[in-house]
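The primary structure of each chain is shown beneath.
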Amino acid sequence: MAPEWPELSYEAWSATCDTLHAHTQVLGKLGVELAPPEPQLQHAALHLTARGWETATLHAPDGSGAIVAGLDLRTHEAFVEHSAGRETRIALTPNRPVAEVTREVLEAVGRLGGEVRINPTPQEVPWDAPLDEDAEHATYDSDRVASYFEAASQAALVLAAFRAAFRGRSTPVNAWWGTFDLAVALFSGRPADPPADDFISRNGGDAEQIEIGWWPGDRNYGKAAFFAFAHPAPDGFADADLSPKAARWDADLGEFVLDWADIRDAPDPRGLALEFAHSAFRHACEVCAWDPVLASSAEGSPPPVS
């Protein structure tokens with residue numbers, strides 16, 4: 001029997017959600033400093049694993065090997081691991097401020113793999129306290145985090161299944177620490193003009209792409225949801241009826257959305273989420289004039305395995 005998808009509403013766990021979001025930022029900052037730069041800022045992305053949010057394998061600053069840092073959402077600890085077998089674990093409970101956790105993570109990196117300096121300014125969030133000074137975000141409800149992790153894991157499996165057949169360039173399921181979402185991007189192979197001149201837009205928006213993702217909600221949109229958008233999006237992009245029926249265009253977000261609450265109690269929520277992803281992708285490919293052969297590969301034509 002397929003597992004039930006948990007209830008998830010940002011309003012119900014906003015304080016814990018913001019704290020967890022802030023904890024992910026120190027991991028992302030480590031990736032920015034220690035990973036070799038990739039197009040569309042892929043080196044800065046994190047990944048959701050079977051234990052939580054993790055960096056990619058990173059070059060130890062002292063050249064002694066590799067390190068990985070992450071948040072273990074099963075044991076509710078931050079961790080830093082070295083390829084030589086050394087490890088440090090840092091408690092996230094009971095209700096530890098982001099500043100304390102950040103400082104201890106950086107100290108652990110220094111102890112295990114050499115000192116690293118990060119820019120502690122948080123990014124893409126409505127607060128501005130540096131991570132190593134943030135005493136405001138300290139609420140950590142383990143039960144709420146467990147529900148989030150269960151939901152995020154189901155969403156990540158949907159996104160991985162959606163992108164699997166595509167034969168063009170695509171990203172893995174990235175966990176983005178700025179926007180606190182999970183997403184896959186599929187690329188047409190053509191360049192694009194960035195939507196703005198800031199660092200993230202210049203580097204993340206310089207290629208034509210369609211993105212499908214999921215977030216647990218935030219202050220601007222208080223509901224967990226799958227989402228889809230295209231860049232660049234031509235006039236009339238919003239004029240489509242996607243499936244399933246609960247999918248809709250949100251003008252404030254500038255994206256198509258499918259709310260988690262609208263499908264979580266359905267007999268097959270995973271099937272509905274995949275239906276949304278494929279429907280959004282087909283529509284975007286058509287209006288953005290993607291190569292139809294490349295576009296059809298996302299539907300498994302030709303099949304990825306003969």
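Okay, so let's go over this structure. (Residues numbered from 1 in each chain as written. Predicted model: local features only at pLDDT ≥ 70, side-chain atom pairs only at ≥ 80, totals over all residues. Heavy atoms only, no water.)

With that settled, consider the overall build of the protein. Each helix and strand counted, the protein has six helices and 12 strands in total. Overall, the C-alpha framework of the protein stretches about 50 × 40 × 40 Å when taken along its three principal axes. Considering only intrachain contacts with a sequence separation of at least 6, the fraction spanning at least 24 residues in the protein is 62%. Averaged over its 22 positive side-chain charges, the protein has a centre that lies 5 Å from the centre of its 47 negative ones. (Helix = DSSP H or I, 4+ residues; strand = E, 2+ residues; numbered from the N terminus. Contact = heavy atoms within 4.5 Å. Lys, Arg positive; Asp, Glu negative; His and termini not counted. Charge placed at Lys NZ, Arg CZ, Asp CG, Glu CD.)

Our focus in this paragraph is the packing of helix α1 (residues 10-34) against helix α3 (residues 142-163). The geometry of α1 relative to α3 is characterised by a closest axis approach of 10 Å and an angle of 80° between their N-to-C directions. For the element pair α1 / α3, the angle class is roughly perpendicular. In contact with A12, W13, T16 and L20 of α1, α3 contributes R144, V145 and Y148. Split by residue class, the contact of α1 with α3 holds five nonpolar, one polar and one charged. (Axes fitted to C-alpha atoms, helices over the stretch in contact; angles between N-to-C directions. Parallel < 35°, antiparallel > 145°, perpendicular 65-115°, else oblique. Nonpolar A, V, L, I, M, F, W, Y, C, P; charged D, E, K, R; others polar.)

All right, on to helix α2 (residues 98-113) then. An ideal rise of 1.5 Å per residue puts 22 Å on 16 residues; α2 measures up with 22 Å between its terminal C-alpha atoms. The set of residues buried in α2 consists of V98, A99, V101, T102, V105, L106, A108, V109, L112 and G113. Lining the buried residues of α2 we find α1, β4 (66-72), β5 (77-82) and β6 (87-91). G114 lies just past α2 and shows a positive phi near 110°. (Expected span 1.5 Å × (residues − 1). Buried < 20%, exposed > 50% of the residue type's maximum accessible area, 1.4 Å probe, protein only.)

We now examine the sheet that holds strand β9 (residues 207-215). Across the sheet, six strands lie side by side as β7-β8-β9-β10-β12-β11; this open sheet has antiparallel pairing. Looking at which strands have only one partner, the edges of the open sheet turn out to be β7 (174-176) and β11 (248-250). Adjacent strand axes in the sheet meet at a mean angle of 30° when their direction is disregarded. Of the strand pairs in this sheet, β9 and strand β10 (residues 225-231) are connected by seven bridges, and their pairing is antiparallel. Bridge assignment links Q209 to a residue of β10, and that residue is H231. Contacts between α3 and the sheet are confined to β8 (181-191), β9 and β10, with β8 contributing the most and set at about 20° to the helix. (Pairing = 2+ DSSP bridges.)

By size, the foremost hydrophobic cluster in this structure holds 84 residues, and its most contacted members are W53, Y148, L182, W214 and F226. Tallying contributions element by element places α3 first for this core, with 10 residues. Residues W176, A225, F227 and V257 belong to the second largest nonpolar core, which totals eight residues. (Core = buried A, V, L, I, M, F, W, Y, C linked by side-chain atoms within 4.5 Å.)

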